[in-house]
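Residue-level structure breakdown
Here's the letter readout for the chains.
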Amino acid sequence: MTITVILSQELIGVIRLAIPIILVFQLYPGLTSNIPVQLACTCVIGAYIYYLSYSSTKKQDAGLLYSPFGEHKQQIEQYIAACKIDPKDIQIKYAYVGEGTALNMFNTVVLDPTLCSTIKDDPEAAKVQGIFDNAISPTLPEKQKERLTKIKESLSPKAQAFIFKHELGHAFHNYTHKKLILMGIIASVATYSGILASVMTMKALGGIAAIGIGMLTGGFVDLLLSYSSNVFFKVQEEKKADFFAARYSSCEEINAAAHFFEQHKIIMEQNEAFPGLLGKLPTTVLSGHPDGTTRVQYLRKIATKKQA
């Protein structure tokens, strides 16, 4: 994804959300300066964004059709129980997740059979691999295919075990719920900023110009807060999940994970995972993941203390 695509998506989102607010204030101009009405609009937008995000995540989760089978299911349930979580509280799904190896949605942990060698013998995982080979892989750019190949080669079984426990940590800490609530709050603040900017410039610039200023302000605040939340919220949640995984992992698994994250950083940088301006941003801002070097350092420090 390029900076142009991000800005285009942001603009489209701002326009869609601004239209109902503009219509309300056009039909009832006297409400423009009414603070309770302004706050009501911001709350409605925030709740709407939360609802959309929640529904979308639930649909994505429900759309995943493949789950562990037989001895693979039993082995994964043993991993879950070893982390002091009831296996009945966690759903495991198989799906291609890009270059992230695994992900968490509510109480679901999604494992990627195209990268995780430990589940490749599961017939259900083989179905996902077949879909990837026939329908997804042919559409991917060559550089992305190269990255995926190198990531798979670097992802040892012990590193896979750690990453699985990391995603369990997200489920344990209710990461998805907290993330969706934060998205709603950010949408509310951005909306209120846009309304205030429009109201403050209405007399000086006129209606159309003031609306444009409000939309630009709202979009800017949304982007600013979203990327700031990566640094101040998501990075901390990623660390919490790492610490959770480390608590229930052996020293070998922790060191294997550290080695993988070290290699992952090199792979992403050398293969231009984020071209242009995005490639110059630190991962803490861009994706909300701890810097690869910092992550490796604290994981190896944990392993050393655990071994002592």
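The structure displayed is predicted, hence computed values, not measured ones.

Our next topic: the overall build of the chain. A count of helices and strands for the chain gives 11 helices and three strands. Reading the secondary structure of the chain in the N-to-C direction produces α-α-α-β-β-β-α-α-α-α-α-α-α-α. Counting only residues that meet the buried cut, the chain has 42% of its 308 residues in that class. In the chain, 76% of the contacts between residues at least 6 apart in sequence involve partners at least 24 apart. Per element, the accessible surface of the chain, about 16400 Å² overall, is 63% carbon and sulfur. Separation of charge centres in the chain, based on 30 positive and 26 negative side chains, amounts to 5 Å.

What follows concerns the sheet that holds strand S1 (residues 91-94). Spatially, the three strands line up as an open sheet ordered S1-S3-S2, and their pairing is mixed. Looking at the sheet topology across the chains shown, the edges are occupied by S1 and strand S2 (102-105). Ignoring strand direction, the axes of neighbouring strands in this sheet form an average angle of 25 degrees. Each of S1, S2 and strand S3 (108-111) is contacted by helix H2 (residues 35-62), which is oriented at about 125 degrees to S2, the strand it contacts most.

With that out of the way, let us pick up the nonpolar core. Formed by 41 residues in total, the largest nonpolar core has its most connected members in Leu111 and Leu168. It is helix H9 (residues 251-270) that provides the largest number of residues to this core, a total of eight residues. In this structure Leu111 touches Ile76, Ile92, Lys93, Tyr94, Ala95, Thr101, Ala102, Ile119 and Phe164, once residues within four positions along its chain are discounted. Membership of the second largest hydrophobic core comes to six residues, among which are Ile21, Ile49, Ala187 and Ile195.

Nonpolar side chains collect at one region of the surface, where Ile15, Ile19 and Leu23 lie side by side and expose about 260 Å² of accessible area between them. As for its position among the elements, Ile15 is in helix H1 (residues 3-27). For Ile15, a relative accessible area of 35% puts it in the partly exposed group.

The next subject is the pattern of salt bridges. Applying the stated rule across the entire model yields 11 salt bridges. Among the salt bridges present, the one from Glu142 reaches Lys145, with a minimum N-O distance of 3.6 Å. Taken together, the residues Glu142 and Lys145, both in helix H5 (residues 142-154) and three residues apart, mark about one turn of the helix. In this structure Lys145 comes out as partly exposed when scored by relative accessible area, which is 23%.

Over its 41 residues, helix H8 (residues 207-247) extends 58 Å from the first C-alpha to the last, a length consistent with the 60 Å expected when each residue adds 1.5 Å. Taking the largest bend as the criterion, H8 deviates by roughly 40 degrees, centred on Asn230.

A few words now on empty space enclosed by the protein. Summed over the entire model, instances satisfying the criterion amount to one cavity of 30 Å³ or more. Quantified by volume, the largest cavity comes out at close to 40 Å³. In terms of lining residues, the largest cavity is bounded by Thr101, Ala102, Leu111, Cys116, Leu155, Gln160, Ile163 and Phe164. The leading source of residues in the lining of the largest cavity is helix H6 (residues 157-172), at three residues.

What counts and what doesn't
- Residues numbered from 1 in each chain as written.
- Predicted model: local features only at pLDDT ≥ 70, side-chain atom pairs only at ≥ 80, totals over all residues.
- Heavy atoms only, no water.
- Helix = DSSP H or I, 4+ residues; strand = E, 2+ residues; numbered from the N terminus.
- Buried < 20%, exposed > 50% of the residue type's maximum accessible area, 1.4 Å probe, protein only.
- Contact = heavy atoms within 4.5 Å.
- Areas by Shrake-Rupley, 256 points an atom, 1.4 Å probe, with all protein chains shown as cover.
- Lys, Arg positive; Asp, Glu negative; His and termini not counted.
- Charge placed at Lys NZ, Arg CZ, Asp CG, Glu CD.
- Pairing = 2+ DSSP bridges.
- Axes fitted to C-alpha atoms, helices over the stretch in contact; angles between N-to-C directions.
- Core = buried A, V, L, I, M, F, W, Y, C linked by side-chain atoms within 4.5 Å.
- Patch = residues over 30% accessible without salt bridge, like charges linked within 9 Å, V, L, I, M, F, W, Y side chains within 5 Å.
- Salt bridge = Lys/Arg side-chain N within 4 Å of Asp/Glu carboxyl O.
- Expected span 1.5 Å × (residues − 1).
- Bend = angle between axes of the 7 residues up to and from the residue.
- 1 Å grid on protein atoms, 1.4 Å probe; cavity = no way out; pocket = protein on both sides within 12 Å on 5 of 7 lines; lining within 4 Å.
- Points joined across faces, edges and corners; volume = space filled by probe spheres on them.

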